[in-house]
Amino acid sequence: MGHDLTLGRTGLSGAVAFFSSLWALFGGCVLLVVVAINVLSVLGGIVWRPFPGDFELTEIGVAVAVFAFLPYCQISGANVTADIFTARAGRRTIAAFSLLAAIAATLVAGLLLWRMTFGLLDQKNYGYTTAILQVPLWWGYCVILVSLSLLVLTALVSLKEAIHGVAGHAHG
Amino acid sequence: MADPVSQGLLALVVLILLIAIRMPIAHAMIIVGGGGVMLINGPMLVLSQLKTLAYGQFSIYDLSVVPMFILMGVLAGRSGLSSALFRGANAWLGWLRGGTAMAAIAACAGFGAVAGSSLATASTMGKVALPELKKYNYSGALATGSLAAGGVLGILIPPSVVLIIYAIIVEANIVTMFAAALIPGLMAVAFFILTIAVYVAISPESGPKGVGMDAAEFRAATLGLIPVFVIFGIVLGGIYGGFYNPTPAASIGVFMVWIYGILRRELSFSDMLASLKDTASTTGMIYLILLGAELMKILMSRIGLPQATAEWILNSGYQPMVVLVIVLLALIALGCLMDSLSMILLVIPFFWPVLSELNGGVYQLAEGAGFGMSTEDLKIWFGILALIVVELGLITPPVGMNVFVISAMAKDVPMIETFKGVMPFFLAEMIRVAILLAFPIITLWLPYALR
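Remember, it's a predicted structure, so these values are computed and weren't measured experimentally. (Residues numbered from 1 in each chain as written. Chains lettered and ligands numbered in written order. Predicted model: local features only at pLDDT ≥ 70, side-chain atom pairs only at ≥ 80, totals over all residues. Heavy atoms only, no water.)

### Looking at the overall build of chain A
- When its secondary structure is counted, chain A shows four helices and zero strands.
- Along the chain direction, N to C, the helices and strands of chain A fall in the order α-α-α-α.
- Here the C-alpha radius of gyration of chain A, 20 Å, is well above what a compact globule of 172 residues would show, namely 16 Å.
- A principal-axis box enclosing the C-alpha atoms of chain A has dimensions of 70 × 40 × 35 Å.
- When the 172 residues of chain A are sorted by exposure, 48% land in the buried category.
- Long-range pairs, those at least 24 residues apart, make up 73% of the contacts in chain A between residues at least 6 apart in sequence.
- Accessible surface computed for chain A: about 8,400 Å², of which carbon and sulfur atoms make up 69%.
- In chain A, 8 positive and 7 negative side-chain charges are present, and the distance between their average locations comes to 14 Å. (Helix = DSSP H or I, 4+ residues; strand = E, 2+ residues; numbered from the N terminus. Rg over C-alpha atoms; globule rule 2.2 N^0.38 Å. Buried < 20%, exposed > 50% of the residue type's maximum accessible area, 1.4 Å probe, protein only. Contact = heavy atoms within 4.5 Å. Areas by Shrake-Rupley, 256 points an atom, 1.4 Å probe, with all protein chains shown as cover. Lys, Arg positive; Asp, Glu negative; His and termini not counted. Charge placed at Lys NZ, Arg CZ, Asp CG, Glu CD.)

Okay, here's the thing in structure tokens:
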């Protein structure tokens, strides 16, 4: 099949990469379900009635899917950077910049996980649900927190690799 | 540190500095935006906003069309749609001098009508059309230049991911924006084809005539175009006609492209997995930048930088049109350094409020407005102009991504040749921007007609 789910990593980092890839595919499947709901809703609207609550299911589904994509983006280096300004910088400088970027990624991932845990508690305590199907919003948050935990792990992998990069250049 | 202008500029300088040292744009925006608000209003406000801000952003209904169009484009790239398009276009245009290059442009436009990204269009059509152009002895400059330029049509012809993002930032109607983009997009196709005609008239040896096809082959190639027209008609026709929202339309598009790929036996299970992974990385990247842009927007509006800048411009007595031209030139310059989507997310939240203030505020009607049109119209018109100029960055040095993509495929053509080949198209685009700037009605007519 030629699908390298560990993205060329081994050991613990390889495991994180593997689960991030799988988790992104899970997010992709959620997206496909949203696609199916929308198609059924349009077809249903023609022959009988639209899928009930297609709007709110789309909102929850896409949010859940996108959060599930984030760890894969981090570990596969998909987040765009502007390389043009540092195209001529030395490898040691780049390694230092990568370290800074990895620290930023860890900070952002940690902040999101920390705050959205409280977001989940809020949603649960106040009992927020969607308007039509009465889906509790905290259900979505549960899946999202798994994504964010993975995001923290992937950021830590980036951090570890960046530290190795800096150390490697310091010794070599 | 008290006045808004120096605070805001400081934040922007830090942001640009972080981006310049290779920090992912999304992370830089989240840190500067979030950190900035923390410094101004204390940490509690941001921390409590962050409980729901990301979920709130990611679950915006209008945005849900973005991953769908991305998936649709990715599937289209793997479903054999591109080669059918090119064959069909070549049947109609191939016999002309420079015709195979014109066919490549037309096929790019067709692919752009299904996909919403320039790079996807350039790389997908490049794979199909480059070998053909080489077979007919097209010069490297013309062959690679047409494809790099043609890729831009992926964004200019709706659906377009950049346009959706613009619509969400400025709170415009996506359907209206898609309608506004159609005529300027078709104009781009016509201009690019004309550019090739002029190019081969001046330098006939760069684009030889193709060979004619026999009738059966011609018919088969033409019939191959039908699925594309059907998909485009059902997706965008349905959106324009108001039969359904963009999200269900895009879902139907995904479904139809998938069926098409299955029927043509081009889409394997492995292709499906790869498509989902491509969708995951593109979508995740875009949404994370969106979160960053939202935090930057909160920071900027707390500081009041756009208002202060607009006030400063008004007091300095510059004509609104001069300001608009300066903004567009700034976008072209920035486009040389950054990808179009990050740029839209980075600068539109700043530029748009300034232009809106110059026009007389959000609720300004055409009468007495700075630009002689209502702010709602200005939003549409400026969006299309901005869309065109940010895309120019894809074909200009030093980071013309489309040029990189095409040159990576055409290893025998030096990159400098590709940049030379793209120049005539760049000029055509400048003329088009000038025309659209001088005659806003070209952009605004279709949205009005559909209303």
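### Overview of the interface of chain A and chain B
- The interface is formed by 58 residues belonging to chain A together with 54 residues belonging to chain B.
- For the chain A and chain B pair, buried surface summed over both sides reaches about 5,200 Å², with 79% attributable to carbon and sulfur atoms.
- Counting across the interface, chain A meets chain B through one salt bridge.
- Among the ionic pairs, Asp122 of chain A bridges to Lys51 of chain B, the shortest N-O distance being 3.1 Å.
- For the pair chain A and chain B, the interface holds two residue pairs in polar contact (both at pLDDT 80 or more).
- Among the elements of the structure, helix 1 (11–47), helix 2 (54–75), helix 3 (91–126) and helix 4 (137–171) of chain A are those that each provide at least two residues to the side of chain A that touches chain B.
- Residue composition of the side of chain A that touches chain B, grouped by class: 43 nonpolar, ten polar and five charged. (Buried area = accessible area lost by both parts, 1.4 Å probe. Salt bridge = Lys/Arg side-chain N within 4 Å of Asp/Glu carboxyl O. Polar contact = N/O pair within 3.5 Å; in protein donor to acceptor, adjacent residues only side chain to side chain. Nonpolar A, V, L, I, M, F, W, Y, C, P; charged D, E, K, R; others polar.)

### Side note on helix 20 (residues 401–409) of chain B
- Of all the residues in helix 20 of chain B, the buried ones are Asn402, Val403, Val405, Ile406 and Ser407 of chain B.
- Contacts from the buried residues of helix 20 of chain B go to helix 8 (118–135), helix 9 (140–156) and helix 21 (415–438) of chain B.

### A closer look at empty space enclosed by the protein
All names here are of chain B.
- Inspection of the entire model under this criterion finds three cavities of 30 Å³ or more.
- Taken as a whole, the largest cavity encloses approximately 50 Å³ of empty space.
- Considering the residues around the largest cavity, the lining is formed by Leu12, Met296, Met300, Leu346, Pro349 and Phe350.
- Those elements that provide at least two residues to the lining of the largest cavity are helix 15 (269–303) and helix 18 (340–359).
- Counting residues per element, the lining of the largest cavity draws most heavily on helix 18, at three residues. (1 Å grid on protein atoms, 1.4 Å probe; cavity = no way out; pocket = protein on both sides within 12 Å on 5 of 7 lines; lining within 4 Å. Points joined across faces, edges and corners; volume = space filled by probe spheres on them.)

### Quick word on the layout of surface pockets
Residue and element names in this part refer to chain B.
- Its volume calculated, the largest pocket comes out at about 1,200 Å³.
- Ser117, Leu119, Ala120, Thr282 and Met285 are the residues nearest the centre of the largest pocket, which is lined by 45 residues in total.
- When residues of the lining of the largest pocket are traced back to their parent elements, those giving at least two are helix 5 (65–78), helix 8, helix 10 (161–170), helix 15, helix 18, helix 19 (375–392) and helix 20.
- A per-class count over the lining of the largest pocket returns 25 nonpolar, 14 polar and six charged.
- By volume, the second largest pocket amounts to about 520 Å³.

### Focus: the packing of helix 6 (residues 81–93) of chain B against helix 8 of chain B
All names here are of chain B.
- It is at 9 Å that the axes of helix 6 and helix 8 come closest, and there the two elements cross at 45 degrees. When the axis of helix 6 is compared with that of helix 8, the two are oblique. As helix 6 runs across helix 8, the sense of the crossing is right-handed. Between helix 6 and helix 8, the contacting residues are Ser82, Ser83 and Phe86 on the first element and Thr124, Met125, Val128, Ala129 and Glu132 on the second.
- Residue composition of the contact of helix 6 with helix 8, by class: four nonpolar, three polar and one charged. (Axes fitted to C-alpha atoms, helices over the stretch in contact; angles between N-to-C directions. Parallel < 35°, antiparallel > 145°, perpendicular 65-115°, else oblique. Left-handed = near helix turned anticlockwise from the far one by under 90°.)

### A few points about the pattern of salt bridges
All names here are of chain B.
- Scanning the entire structure with this criterion turns up ten salt bridges over all chains.
- A salt bridge links Asp278 to Arg78, with the nearest nitrogen and oxygen atoms 3.2 Å apart. Of the two residues, Asp278 sits in helix 15 while Arg78 sits in helix 5, which places them 200 residues apart along the sequence.
- Classification of Arg78 as partly exposed rests on a relative accessible area of 28%.
- Among the salt bridges present, the one from Glu429 reaches Arg432, with a minimum N-O distance of 2.8 Å. Separated by three residues within a single helix, Glu429 and Arg432 lie in helix 21, roughly one turn from each other.
- The exposure class of Arg432 is buried, given its relative accessible area of 1%.
- If you follow the salt bridges from partner to partner, you end up with Arg78, Asp271 and Asp278 in one network.

### Some words on the confidence of the model for chain A
- Mean pLDDT over chain A works out to 89, with 95% of the residues at or above the 70 mark.
- When mean pLDDT is compared element by element in chain A, helix 2 of chain A scores highest at 95, while helix 4 of chain A scores lowest at 91. (pLDDT = per-residue confidence, 0-100.)

### Examining the side chain of Ser203 of chain B
- Its location among the elements puts Ser203 of chain B in the loop between helix 11 (174–202) and helix 12 (215–223).
- Residue classification places Ser203 of chain B among the buried positions, given a relative accessible area of 18%.

### A few points about a nonpolar patch on the surface
- Taken together, Phe255, Trp258, Ile259, Ile262 and Leu263 of chain B make up a surface patch of nonpolar side chains, about 460 Å² in accessible area.
- Relative to the elements of secondary structure, Ile262 of chain B occurs in helix 14 (residues 246–263). (Patch = residues over 30% accessible without salt bridge, like charges linked within 9 Å, V, L, I, M, F, W, Y side chains within 5 Å.)

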